Amino acid sequence: MYTIKQVKRFVSEAVASYLLPATIEQTASTVFQGFSERLKARLNGRQERALKLALSGHVTHKSARIFSVHSEEGDHAYLVDLTRGYCTCPDSQKGSICKHRIAAYLVEQSMQATAQTSAGSSKSEPVSKEEEPLEKARRVLHAQSDLLREAIIYATIQHQGEALVVEVINLEGDTAIVRALPIFKDGKPVPQFPFEDRRSCTQVLAKSLFDLNIYR
Ligand SMILES: [Zn+2]
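Procedures and definitions
Per chain, residues are indexed from 1 in the order of the written sequence. For this predicted model, a pLDDT threshold of at least 70 governs which residues receive local features, and a threshold of 80 or more governs which side-chain atom pairs are given and counted, while totals over whole chains, interfaces and linings are taken from all residues. By convention in this description, side-chain values take in all heavy atoms of the structure and omit both hydrogens and water. Per the convention used, a helix needs a DSSP run of H or I reaching at least four residues, while a strand needs a run of E reaching at least two, with both numbered from the N terminus. Take the residue count of a helix, subtract one, and multiply by 1.5 Å to get its expected span. Buried, partly exposed and exposed residues are distinguished by accessible area as a fraction of the type maximum, computed with a 1.4 Å probe on protein chains only: under 20%, between the cut-offs, and over 50%, respectively. Any two of the Phe, Tyr and Trp rings considered here, Trp counted by its six-membered ring, make a pair once their centres fall within 6.5 Å; the pair's planes then place it as stacked at under 30 degrees, edge-to-face at over 60, or tilted in between. Any pair of residues with heavy atoms lying within 4.5 Å of one another is described as a contacting pair. A 2.8 Å cut-off from the metal defines N, O and S donors, relaxed to 3.2 Å for Na, K and Ca; water is not in the atom list, so some sites may appear incomplete. Any site counts as irregular unless it has four donors with all angles between 85 and 135 degrees, making it tetrahedral, or four or six donors with opposite ones more than 155 degrees apart and the rest between 65 and 115, making it square planar or octahedral. A strand pair is defined by DSSP finding two or more bridges across the two strands. To define axes, lines are fitted to C-alpha atoms, for helices over the stretch in contact only, and angles between the resulting N-to-C directions are given on a 0 to 180 degree scale. What makes a crossing left-handed is the near helix being turned counterclockwise from the far one by less than a right angle; a clockwise turn instead makes it right-handed. Here a salt bridge means any side-chain nitrogen of Lys or Arg lying within 4 Å of a carboxyl oxygen belonging to Asp or Glu.

Caption draft 1: Geometry of helix 6 (residues 99-118). Between its first and last C-alpha, helix 6 extends 28 Å over 20 residues, near the 28 Å set by a 1.5 Å rise per residue. Listing the buried residues of helix 6 in full gives Lys99, His100, Arg101, Ile102, Ala103, Ala104, Tyr105, Leu106, Val107, Glu108, Ser110 and Met111.

Rendered as structure tokens:
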């Protein structure tokens, strides 16, 4: 006897392993197109390695947005939580967006694409009249049109107990990449580096962004 939870897990694992390579490739091409040049530079080829992992069946869906990803050598398995934007690998601990997270995201998106195709194309996502600002921002950042993608998105985050205004550079899954906005001193913009290791950019949970404003 299996519990419903176990059965659900078997089903989702089966879905993950029966994804068509073409679906994964198509998904990857759409996802990667939404990446800004800045993000691509930061990823430094991890997206290509992630695609390889996804195509070679290294990604197993565990539950909800939790995935297990075997390393390329296959001797380690790392746990990815897409909701928390977290992976157990050393690369992720260093603050990188690791290939495992990207691979898990590709598999998740491919699973959704597969589920939508089998449910029939007539079933479209209900679009609420008042789209959530976060969804709107995500749509803008991942838009196919360059014009839309060049929109500027500002938001506020809580940083060390204070409100900090940032530019949203990318939204990927539940993670946002943000850059602290410059402050003006004597009429000149001065960049800020408020994050760890004196960085101007950091990664935050998308849902921790407040007061999202899209300018275009
Ligand atoms: Zn990782």
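Text resumes after the structure shown.
Caption draft 2: Spotlight on the packing of aromatic side chains. Considering all chains together, one arrives at 1 aromatic pair under this definition. A centroid spacing of 5.6 Å and a plane angle of 45° characterise the contact between Phe32 and Phe35, whose relative ring orientation is tilted. In this pair, the class of Phe32 matches that of Phe35, namely buried.

Caption draft 3: Main features of the environment of Leu39. Residue position: Leu39 is located in helix 3 (residues 37-43). The buried category is assigned to Leu39, whose relative accessible area is 3%. In this structure, the C-alpha to C-alpha distance between Leu39 and Ile97, residues 58 residues apart in sequence, is 9.6 Å. Those residues in contact with Leu39 that lie beyond four places of it in its chain are Ile97, Asn170 and Ile177.

Caption draft 4: Region of interest: the coordination of the zinc ion. All of the protein donors around the zinc ion are Cys87 (SG), Cys89 (SG), Cys98 (SG) and His100 (ND1); their distances to the metal are 2.1 to 2.3 Å. Around the zinc ion sit 4 donor atoms; with metal-centred angles ranging over 100 to 115°, the donor geometry is tetrahedral. On the primary sequence, the residues serving as donors to the zinc ion are separated as C-x1-C-x8-C-x1-H. The class for Cys98 is buried, based on a relative accessible area of 0%.

Caption draft 5: Structural detail: the pairing of strand 2 (residues 66-70). Direction of pairing for strand 1 (residues 59-63) relative to strand 2: antiparallel, over a ladder of 4 bridges. If you follow Val59 over to strand 2, its bridge partner there is Val69.

Caption draft 6: Inspection of the packing of helix 2 (residues 21-33) against helix 6 at higher detail. Two elements in contact, helix 2 and helix 6, have axes separated by 9 Å at closest approach and are oriented at 115°. Crossing angle aside, the handedness with which helix 2 passes helix 6 is right-handed. Residues Thr23, Ile24, Thr27, Ala28, Val31 and Phe32 of helix 2 lie in contact with helix 6, whose contacting residues are Ile102, Tyr105, Leu106, Gln109, Ser110, Ala113 and Thr114.

Caption draft 7: View of the side chain of Arg65. Within the secondary structure, Arg65 is located in the loop between strand 1 and strand 2. Contact partners of Arg65, with chain neighbours within four places excluded, come to Val80, Asp81, Leu82, Thr83, Tyr105, Glu108, Gly173 and Asp174.

Caption draft 8: Focus on the sheet that holds strand 1. A sheet is described by the order of its strands in space; here 4 strands give the open sequence 1-2-3-4, paired in antiparallel fashion. Of all the strands in the sheet, the pair left with one neighbour each is strand 1 and strand 4 (86-87). Across the sheet, helix 6 is in contact with strand 1, strand 2, strand 3 (77-81) and strand 4; its angle to strand 2 comes to roughly 125°.

Caption draft 9: Focus on the pattern of salt bridges. Using the criterion set out here, one finds 7 salt bridges in the structure. A salt bridge links Asp174 to Arg65, with the shortest nitrogen-to-oxygen separation between them at 1.9 Å. Here the residue Asp174 occupies a position in the loop between strand 6 (162-172) and strand 7 (175-180), and Arg65 occupies one in the loop between strand 1 and strand 2, the gap between them amounting to 109 residues. For Asp174, a relative accessible area of 23% gives the class partly exposed. Given a relative accessible area of 18%, Arg65 falls into the buried group. Connected through salt bridges with shared partners, the residues Lys52, Glu72 and Lys99 form a single ionic network.

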